[in-house]
Every structure is written in structure tokens, then in C-alpha cells.
Amino acid sequence: MAMARVATAALMVAAAVLLGLAGGGHAQLQNGFYKGKCGANDVEAVVQGIVRARFARDAPIVAYLLRMQFHECAVNGCDGGLLIDGPGTEKTASPNLSVKGYDLIADIKAELERRCPGVVSCSDIQILATRDAVALAGGQPYAVRTGRRDRRQSRASDVVLPAPDSTAAQTVAYFGKLGLSAFDAVLLLGAHTVGATHCGAIKDSRLYRYGGRAGATDPALDPYYAFVYKTWVCPNAAASDGNVVFLDDQWSALRVDSNYYKLLQRHRGVLPCDQNLYGDGSTRWIVDLLANNSDLFPSLFPQALIKLGEVNVLTGTQGEIRKVCSKFN
Ligand code: HEM
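Residues numbered from 1 in each chain as written. Predicted model: local features only at pLDDT ≥ 70, side-chain atom pairs only at ≥ 80, totals over all residues. Heavy atoms only, no water.

Going by an unreviewed UniProt entry, the chain carries the name Peroxidase and comes from Oryza glaberrima. Of the chain, the UniProt comment under Subcellular location (unreviewed entry) reads exactly: "Secreted". Turning to the chain, the UniProt record has this under Catalytic activity (unreviewed entry): "2 a phenolic donor + H2O2 = 2 a phenolic radical donor + 2 H2O". (UniProt positions renumbered as here; feature names shortened; annotations may be inferred.)

See the structure below:
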């Protein structure tokens, strides 16, 4: 029985790889691109040291960076566009107003500029820092290719991100436009294994106005959880909009692990887009696979993050290497 399950899992993973999980990546990115380019400094070690120090006093940084990588790479690619300050930039678009972690990217950039000015791009710093934070939070370490350059453009009007109440089909279609498979999409939403949302994102859709009906609660939400949220966490008053709900079980909300998928099986996913992955047969099998084989997510999540991190990157002589991540040169 156990053998059969392992064999099925292996087959499904093989199918997922054939369906594009492994991905081709971007031809001009390289492993160790910065080797020998920053004097005697090991760029990746510098980044890792700063991320480690930050993680030690502020573990939720892993959630900030993962979300930042998504909001960065999904909009015109991983090009540093999200980091630019000023009116009308990507940062000012409403889904980005709650993105955090910019200060860490700025700190890393300042240190690298001190050691070797004009060498390391802000877009590479984002990808390296996320990678390091994931490993610190219990995820598997992984190598990333570097050599990205920063785009000289950042427009709020380009920011199109999925709504929190996206159906599984909408989520899969969204990631499909980025060149990512349904399997990648389910793996990437596994980033919700860390971090939190605000009650404002779930009050209408899940607790008080499901389907637009006043007083209706989403039947896909575990009734005990619905009770807890309504009674203590997100009471039905505007004042609770800013209250925080962990996306994974509280004890697991800072760990990169497969518990998120087990929650979905128990109808305890927090955002509608999370629970919808289990409600739809086309993605439920992936949720079941990742929930029932807890060593799969840790090894496959990095592959999906690598693919996300290589969406539409600038390389070679394209774009620029910014001096300060929040400003074009
Ligand atoms: C259909 C796709 C997705 C939707 C609709 C979605 C939506 C959301 C929403 C509404 C929040 C809460 C924001 C807040 O209240 O401040 C959130 C948080 C988060 N998202 Fe997603 N997300 C999606 C995919 C992803 C992906 C692909 C990643 C990363 C690979 C990601 C990483 C995170 C993380 C780590 C948090 C917690 C942030 C924190 O604690 O500050 N999400 N997401």
C-alpha cells in the first residue's frame, strides 16, 4: 500500500516535470555570476550574512521577501521595478501597499555598493535574499542563477495581480501567462505556509458576505475556524479590518513546510484562493500529493521559486545596475 503510494507520487512528480515544472530558465543567467566581480568579496555570502542577521531578530522577513518576489516577478518580470519610489510606480499600486521588506534590500544594496559599486543588481539581491530567508525558515537550500539587471521603468498601471478570491482556474491561468504550470502554481501558493493576511481580505468573501449574500459564511471553511474568526479574530466591525490572521497554523506560520496543504485538506485555508485549490478537482490532486508526501514540497518549492525568479529577466547590456534600489540611476 505504502509502496503503491510512493510509486504514484513518483509518477505524478515525473508528469509534473514533463508538464514544465523543471522549466528551461533564462539562457543568460549563470550560477555564480558574481564570482570574481566584487574584488575579494563573495557576493552571495555578503547577502546571506545580512539576511541571517535580520532573520534572527525578525523572522517574518521570510514572508515579506517571498511575497515581494511574487509581486516583483509577476509584473514585467524580476526586474527591480517594485523597488522604485515615487508617484505612479509599481510600489504605489494597491496590492503592493502592504508589501514589506524594502529596507532589507536597501541595506544589502548599500553594503554591496560599499564593497564594489555598480556591480550587483537590485533584482538579483531580491532573489538571493529570498532564497536565503527560505533556507533559514526551514526550507531546503537551493542554488539560484544570477546576472539579472534592473529595468528603467516602473508603472503602477502595469500591476495586475490575482485577487484574493481567485478561483483555481483563474490562479492557474494567471501563472500560465507567466510560463508556469498548474503544478508550479500550487507549489508557489505554498508560500502561504508563512506569513499572515489582514481580516479585511477575508471578511466579506469568507465570513460575512459569501457569494454577495449578507450574513453568509463560506461553506468551504471549517465551521470551527469560521466561529473562531468571527468571534475573536475578525469580528464583524470595520475596526477589525487590520487584525492579522496567520495563513498557516500559528505554530507553523514561520516555517517553510507542507502543513499549508494539510490545512487545505481540512478546509482551513485562509484566503479563498488557497481553499479553492482544494475545491477544484484540477488542482486538488496536487494539494493531496503535497499534503500526503510531506517531503515533496520542501524539494519542489525551490524549483518553482527558481522558475518564478527567472520570469522575463533583463540580462547582458539591458537595463542598468542601479546605485540605489529605490531610484533609477
Ligand atoms: C493567486 C495567487 C495569490 C493571491 C491571490 C495572494 C494573495 C495574498 C493576500 C491577499 C495576502 C495578504 C496580504 C495582506 O493582507 O497584507 C497574501 C500574503 C502573502 N502572500 Fe500571497 N497571494 C498569491 C500568491 C502568492 C505567491 C505566488 C507567493 C510567493 C511565492 C505569495 C506569498 C505570500 C506571503 C509570504 C504572504 C504573507 C505576507 C506577510 O506576512 O507579510 N503569495 N497573499
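That covers the picture; the talk isn't over yet.
### Some points on the overall build of the chain
Within the chain, the secondary structure is distributed over 13 helices and four strands. Its C-alpha atoms give the chain a radius of gyration of 20 Å, within 12% of the compact-globule value 20 Å for 329 residues. For the chain, the C-alpha atoms occupy an extent of roughly 60 × 50 × 35 Å along the three principal directions. The proportion of buried residues among the 329 residues of the chain is 52%. As displayed, the chain offers around 14,300 Å² of accessible surface, 57% of which is attributable to carbon and sulfur atoms. Both charge centroids of the chain, one from 34 positive and one from 30 negative side chains, sit 1 Å from each other. (Helix = DSSP H or I, 4+ residues; strand = E, 2+ residues; numbered from the N terminus. Rg over C-alpha atoms; globule rule 2.2 N^0.38 Å. Buried < 20%, exposed > 50% of the residue type's maximum accessible area, 1.4 Å probe, protein only. Areas by Shrake-Rupley, 256 points an atom, 1.4 Å probe, with all protein chains shown as cover. Lys, Arg positive; Asp, Glu negative; His and termini not counted. Charge placed at Lys NZ, Arg CZ, Asp CG, Glu CD.)

### Some remarks on the UniProt feature "active site" (unreviewed entry) in the chain
Residues annotated by UniProt as "active site" (unreviewed entry) correspond here to H71. Here H71 lies in helix α3 (residues 61–73). On the basis of relative accessible area, H71 is assigned to the buried category, the value being 6%.

### What to know about the coordination of the iron atom of the ligand
In this structure the iron atom of the ligand is ligated by exactly one protein donor, H192 (NE2), at 2.1 Å. Mapped onto the secondary structure, H192 falls in the loop between α7 (182–189) and β3 (196–198). (Donors = N, O, S within 2.8 Å, 3.2 Å for Na, K, Ca; no water.)

### Thoughts on the packing of α3 against helix α13 (residues 296–308)
Put simply, α3 and α13 touch, their axes get as near as 10 Å, and they point 40° apart. In terms of their interaxial angle, α3 and α13 are classed as oblique. Along its contact with α3, which presents L66, Q69, F70 and C73, the element α13 presents F301, L305 and L308. (Axes fitted to C-alpha atoms, helices over the stretch in contact; angles between N-to-C directions. Parallel < 35°, antiparallel > 145°, perpendicular 65-115°, else oblique. Contact = heavy atoms within 4.5 Å.)

### As for the state of the cysteines
Inspection of every chain in the model, using the stated rule, returns four disulfides. Covalent S-S linkage joins C73 and C78, the inter-sulfur distance amounting to 2.1 Å. The sign of the S-S torsion, about 125°, decides the handedness of the disulfide formed by C73 and C78: right-handed. Of the residues examined, C73 reaches a relative accessible area of 0% and is grouped as buried. C273 takes part in no disulfide bond, and the closest cysteine sulfur, belonging to C234, lies 15 Å away. Residue classification places C273 among the buried residues on the basis of a relative accessible area of 8%. (Disulfide = S-S within 2.5 Å.)

### A word on the side chain of E72
Relative to the elements of secondary structure, E72 occurs in helix α3. It is R322 that comes nearest to the buried, bridge-free E72 among opposite-charge side chains, at 6.5 Å. A distance of 3.0 Å separates a polar atom in the side chain of E72 from a polar atom in the side chain of Q126. Every residue in contact with E72, bar those within four places of it in the chain, is listed here: G77, C78, D79, G80, G81, L82, L83, E90 and Q126. (Salt bridge = Lys/Arg side-chain N within 4 Å of Asp/Glu carboxyl O. Polar contact = N/O pair within 3.5 Å; in protein donor to acceptor, adjacent residues only side chain to side chain.)

### Comments concerning the site of the ligand
With respect to spatial proximity, 23 residues lie near the ligand, and among them A163, H192, A196, T197 and H198 are the closest. Between the ligand and H192 there is a distance of 2.9 Å, counted from a nitrogen atom to a side-chain nitrogen or oxygen. For the ligand, an oxygen atom lies 2.9 Å from a polar atom in the backbone of A196. Those elements that provide at least two residues to the shell around the ligand are α3, α6 (168–177), α7 and β3. Ranked by residue count, the leading element in the shell around the ligand is α3, at five residues. (Near = heavy atom within 4 Å.)

### Some thoughts on the domain arrangement of the chain
By domain assignment, the chain separates into domain 1 (28–160) and domain 2 (168–307). Here the C-alpha centroids of domain 1 and domain 2 sit 25 Å apart. Each partner contributes residues to the interface: domain 1 has 17 residues there, and domain 2 has 15 residues. Roughly 1,400 Å² is buried in total at the junction of domain 1 and domain 2, and carbon and sulfur atoms are behind 72% of that figure. When the buried area of domain 1 at its contact with domain 2 is split by residue, L66, Q140 and Y142 rank highest and sum to 32% of it. Where domain 1 meets domain 2, there are three residue pairs in polar contact (both at pLDDT 80 or more). In terms of residue count, α3 provides more of the side of domain 1 that touches domain 2 than any other element does, five residues in total. Of the residues that constitute the side of domain 1 that touches domain 2, the class distribution is 13 nonpolar, four polar and no charged. (Domains from an automatic or database assignment. Buried area = accessible area lost by both parts, 1.4 Å probe. Nonpolar A, V, L, I, M, F, W, Y, C, P; charged D, E, K, R; others polar.)

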